[in-house]
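# Observations on chain architecture
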Amino acid sequence: MHACPLQETDQLIQRVIRDRFRDRTVITIAHRLNTIIDSDRIMVLDDGRVAEFDTPNNLLQSNGVFASMARNIAASRQAANEASAAAELR
């Protein structure tokens, strides 16, 4: 199974940013967590205000906005996988 073109493009962009801007500060505005999950630090904005700012690992361990978004994505993916598996059984 191949990744969709959007995912492939996103992965390519992230790889170029990591390689070419290794020793630079990069500010990324993202709507997908996988785009920023390997960043050194993440700033989470909520209603135009800084809600959280920390490493991805610390944010995932907290009970904050970022961890909640990650849990919601994981639950959505699990539900989609279960629906797909159920459809295959039919």
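Before reading on, note that the structure itself is shown above.
Now for a description of the structure that goes with this document. (Residues numbered from 1 in each chain as written. Predicted model: local features only at pLDDT ≥ 70, side-chain atom pairs only at ≥ 80, totals over all residues. Heavy atoms only, no water.)

## Some remarks on the overall build of the protein
Helix and strand content of the protein: 4 helices and 2 strands. Listed N to C, the secondary structure of the protein is α-α-β-β-α-α in terms of helices and strands. Relative to its length of 90 residues, the protein is extended, with a C-alpha radius of gyration of 16 Å against a globular reference of 12 Å. With respect to the three principal axes, the spread of C-alpha positions in the protein is 50 × 30 × 20 Å. Carbon together with sulfur atoms contributes 52% to the accessible area of the protein, which is approximately 7,700 Å² in total. Taking the 11 positively charged and 12 negatively charged side chains of the protein as two groups, their mean positions are separated by 3 Å. (Helix = DSSP H or I, 4+ residues; strand = E, 2+ residues; numbered from the N terminus. Rg over C-alpha atoms; globule rule 2.2 N^0.38 Å. Areas by Shrake-Rupley, 256 points an atom, 1.4 Å probe, with all protein chains shown as cover. Lys, Arg positive; Asp, Glu negative; His and termini not counted. Charge placed at Lys NZ, Arg CZ, Asp CG, Glu CD.)

## Quick notes on the side chain of E52
With respect to the helices and strands, the residue E52 is situated in strand β2 (residues 49-54). One polar contact links the side chain of E52 to the main-chain amide nitrogen of F66, over a distance of 3.0 Å. Apart from the residues within four sequence positions on either side, E52 is in contact with I42, M43, V44, L59, S62, G64, V65 and F66. (Polar contact = N/O pair within 3.5 Å; in protein donor to acceptor, adjacent residues only side chain to side chain. Contact = heavy atoms within 4.5 Å.)

## Quick word on the pattern of salt bridges
Following the criterion strictly, the structure yields 4 salt bridges and no others. Of the charged contacts, one joins R32 and D10 as a salt bridge, the two residues approaching to 3.3 Å between their closest N and O atoms. Of this pair, R32 sits in the loop between α1 (5-20) and α2 (33-36) while D10 sits in helix α1, placing them 22 residues apart in sequence. Of the charged contacts, one joins D54 and R41 as a salt bridge, the two residues approaching to 3.8 Å between their closest N and O atoms. Pair noted here: D54 is in strand β2 and R41 is in the loop between α2 and β1 (42-46), with a separation of 13 residues, a long-range link. (Salt bridge = Lys/Arg side-chain N within 4 Å of Asp/Glu carboxyl O.)

## Here we look at the pairing of β1
Where β1 meets β2, 5 bridges bridge the pair, whose relative direction is antiparallel. Of the residues in β2, the one forming a bridge with I42 is D54. In sequence, β1 turns back onto β2 through a hairpin of 2 residues, with D47 there showing a positive phi of about 55°. (Pairing = 2+ DSSP bridges.)

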